[in-house]
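Each chain, written out:
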Amino acid sequence: MNKRYESVIGLEIHAQLLTESKLFCGCSTKFGNPPNTNVCPVCLGHPGVLPVLNKKAVEFAIRMGIATNCKINQYSIFARKNYFYPDLPKGYQISQYEVPLCIDGYLEIETKAGRRSVRIKRIHLEEDAGKSIHDQGNFTLIDYNRCGVPLIEIVTAPDIRTPEEAGKFLSDIRQIVKYLGICDGNMEEGSLRCDANVSVRLKGESKLGTKTEVKNMNSIKNVINALSLEIQRQIDLLENNESVKQQTLLYNADLHSLEPMRTKEESHDYRYFPEPDLPILEINEEWINEITCQVGELPAHKKLRFKQQYNLPDYDIEILTTEKEYADYFEEVVNFTSDYKSASNWFMTEILKILNEKKNSIDRFPIKPEMLAELINLVNNQTISGKIAKEVFNEMLEEPQSPYEVVKRKNLIQISDENILIELIQRVLDRNQKQVEQYLSGKEKVFAHFVGEIMRETKGKANPAIVNKILKEKLSYLKKKNQ
Amino acid sequence: MKVSREQVIHIAELAHLKLTEEEIEVFQNEMNQILEYMEMLNELNTTYVESLSHPIEVKNVFREDKVDESISREEALKNAPDSTEEYFKVPKVI
């Protein structure tokens, strides 16, 4: 990117709320049901029907407002956004316009340039549209199952400066909605969507340049790629003394290209007016307090607390707090062991690997936290070695059981008795005279060979620290005798 | 305030209506009459009257987040001008 320019980015993020039923009717919000089976006269926009607001959707939206430091409006109203498109059977979308639920919030994000605050202008509640299936010859097919599913729209001020910051902001928002349990954050399935307004200007300039709107970026990676492309396109235009045209662009991830939306589709004149079918919404202090209690610990706070309470490296904390459920699992483990770092290591390497491989969620992970803690304790009190612990872990994966039971049943208790080990090591050395001579003549690499032999002999049960100690003693004794 | 001929055409376009020359004239007149009638409100002093977003003074009408039975797909598609077994069918959009 040309160093003389800076980009100015604002995001509009839509998050589908995890309610059971739609925003204004009792139809199910379940994803993936057969087309046009989650529908009723209300969401199909039949004449004479009356929308009734889903209370939980309001609470979810307010939760997000509280989590992003917004002011919750005491009174808010719904509005009709009028436009014709076949996925919108009423001819208008029920949304909020002049008085949204939440206003004037902010979210602090970590950037390369340090912590930055991004202002949130508003969070409002609205209904989703149906799904169009194109490329059906001369027709478009419509499925209204999604029509009327509750959404929140989060609108930021133009405070974001780079595509990476936009990606970070979006991923933080995604983490927060998941922590709050109000949205599953799945960008591929479209339960979280992001559009961006972007413009460029010379550094130091305070006036904003002409902006374009970029849509159809259905992953965090695509947001970063699409914005980088659009920023470069705008800079190239300005460098060639051409001007940026205000327009909407669709990102094509396969071709890594931007295509302008046909002008006819964006010539909107929404003629918002207050929705006469829905009465005013009043949110009192008491209700806000009640919802505040549902917010719980947010990612930023959890990270700080993990640092103070468990003194783990930042890298570990970042991974352990990715999902609230990960952090919960970790904290249950450390209820039963004081070895925080081992608990973290087991989680980051073994458990995450399995979750990713099996595409499983942590709450269905077969090893219960207290069992993992017991396993860690068995290593720490020298009952088993770290290597054997892996074997026991795999046994526990196959069939949930106490690690100590596995150790006992399979006779895996670590051999730490020095007398037994001395005898064993002597036998190994006697058997490997050639390697002993090599060692004594300075080829110290064969040390590992002896350790390997001993481990093989004991099926991995020898206490490695004691083996190392005795082996060293024996070999240095032989060395001295040899000189 | 006067409604211009261009405004009538614009509003008709937004409503997906095709108006004849005569109709444009008729609607322009009628819209202006309506606005003139509404102008009467400006004779009242509303300085201390709060704006109203809803004619009935009720607030917070909610439903609990419970799933009710939907209608059958057959019923849903019954009134559609065109459909397949599963979908509503409309003229090509893109």
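First things first, this report covers the structure right here in the doc. (Residues numbered from 1 in each chain as written. Chains lettered and ligands numbered in written order. Predicted model: local features only at pLDDT ≥ 70, side-chain atom pairs only at ≥ 80, totals over all residues. Heavy atoms only, no water.)

### A few points about the sheet that holds strand β2 (residues 88-91) of chain B
Stated formally: The pairing criterion for strands is at least two bridges between them, as found by DSSP. Note on conventions: DSSP H or I runs of at least 4 residues are helices, E runs of at least 2 residues are strands, and numbering of each starts at the N terminus. Axis angles are defined between N-to-C directions and span 0 to 180 degrees, where every axis is a line fitted to C-alpha atoms and, for a helix, only to the segment in contact.
Here we have 3 strands laid out as an open sheet, ordered β9(A)-β10(A)-β2(B), and antiparallel in their pairing. Of all strands in the sheet, those bounded by a partner on one side alone are β9 (131-136) of chain A together with β2 of chain B. The average undirected angle you get between the axes of adjacent strands in this sheet is 30°. Across 4 bridges, the pairing between β9 of chain A and strand β10 (residues 139-143) of chain A is antiparallel. Paired with Q136 of chain A across the two strands is F139 of chain A, which belongs to β10 of chain A.

### Digging into the pairing of β10 of chain A
The side chains of a regular strand alternate, residue by residue, between the two faces of the sheet. The test is simple: The buried label applies to any residue whose accessible area, calculated with a 1.4 Å probe on protein chains only, is under 20% of its type's maximum; exposed applies above 50%, and partly exposed to all values in between.
The buried count for β10 of chain A comes to 4 of 5 residues, which makes it a mostly enclosed element. Inspection of the sheet shows β10 of chain A paired to β2 of chain B by 4 bridges, in the antiparallel sense. Opposite I142 of chain A, over in β2 of chain B, you have F88 of chain B as the bridge partner.

### A closer look at helix α8 (residues 324-333) of chain A
Put simply, the rule is: Any two residues whose heavy atoms approach within 4.5 Å at even a single point are treated as in contact.
Looking at α8 of chain A, one finds that the buried residues are Y326, A327, Y329, F330, E331 and V333 of chain A. At its buried positions, α8 of chain A is contacted by α6 (299-310), α7 (314-320), α9 (340-358) and α10 (369-380) of chain A.

### Here we look at the sheet that holds strand β13 (residues 212-215) of chain A
All names here are of chain A. Taking strand neighbours across the sheet as the criterion, the 9 strands line up as β3-β7-β8-β11-β1-β12-β13-β14-β15 in an open arrangement whose pairing is mixed. Because the sheet does not close on itself, it has two edges, and the strands there are β3 (71-72) and β15 (257-260). Note: strand β1 (residues 5-16) against strand β11 (residues 150-156), 5 bridges, orientation antiparallel. Bridge assignment links E12 to a residue of β11, and that residue is V155. Strand contacts of helix α1 (residues 55-67): β3, β7 (102-111), β8 (114-127) and β11, with the helix running at about 165° to β8, the strand carrying the most contacts. Here helix α2 (residues 163-180) sits on the sheet in contact with β1, β7, β8, β11 and β12 (192-202), set at roughly 115° to β7.

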